Amino acid sequence: QVQLVESGGGLVQAGGSLRLSCAASGRTFSSYAMGWFRQAPGKEREFVATITWSGGSTVYADSVKGRFTISRDNAENTVYLQMNSLKPEDTAVYYCAAGRMIGSLLRNNADYWGQGTQVIVSS
């Protein structure tokens, strides 16, 4: 069982930066691939980024490539999403997720989800 709690969301101006954190409980955190997803009002949840259990491989959505960076600290049971050069279209609720395989996360299929943290980017 893994419980995920996101933090770090907020209101930021376009061009600004935010760093989201996702704290995980459970001793098996390091065995899970982790991902970030987002859902804007009136839209379906979409994949943002994912990272393997070791942190050795990452995948990003085209819309955030070059602006967002996913990382993890297995000693701290935490995964991060550094978001730079934010745009109004990045406004959404951001969710952290854990999955046994990175392929599952890429298909929007996770074993565990956090409750989400709101990010609002003003123009």
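Here is a short report on the structure shown in this document. Here the structure is a predicted model, which means the values were calculated and not measured.

1. Observations concerning the packing of aromatic side chains
Two numbers describe a pair of aromatic rings. These are the distance of the centres and the angle of the planes. A complete count under the given rule lists three aromatic pairs for this structure. Where F37 meets F47, the ring centres are 5.8 Å apart and the plane angle is 70°; that geometry is what we call edge-to-face. Remark: F47 occurs in strand β5 (residues 46–51) and F37 occurs in strand β4 (residues 33–39); sequence separation between them is ten residues. An identical accessibility class is assigned to F37 and F47; each is buried.

2. Quick word on the pattern of salt bridges
Tallied over the full model, the rule gives four salt bridges. As a salt-bridge pair, R38 and E46 come within 2.6 Å of each other at their nearest N and O atoms. Judged by its relative accessible area of 5%, R38 is buried. Across the salt bridge formed by D90 and R38, the nearest N and O atoms sit 2.9 Å from each other. With D90 in the loop between β8 (78–83) and β9 (92–99) and R38 in strand β4, this residue pair connects regions lying 52 residues apart in the sequence. Looking at D90, the relative accessible area reads 1%, which means it is buried. Look at the salt bridges and you will find they share partners, linking R38, E46, R67 and D90 into a network.

3. Considerations on unusual backbone geometry
Even without glycine at this site, N77 takes up a positive phi of about 55°. One non-glycine residue, N108, lies in the positive phi region at around 65°.

Here is what the cut-offs are and how they apply
- Residues numbered from 1 in each chain as written.
- Predicted model: local features only at pLDDT ≥ 70, side-chain atom pairs only at ≥ 80, totals over all residues.
- Heavy atoms only, no water.
- Phe/Tyr/Trp six-rings, centres within 6.5 Å; stacked < 30°, edge-to-face > 60°.
- Helix = DSSP H or I, 4+ residues; strand = E, 2+ residues; numbered from the N terminus.
- Buried < 20%, exposed > 50% of the residue type's maximum accessible area, 1.4 Å probe, protein only.
- Salt bridge = Lys/Arg side-chain N within 4 Å of Asp/Glu carboxyl O.

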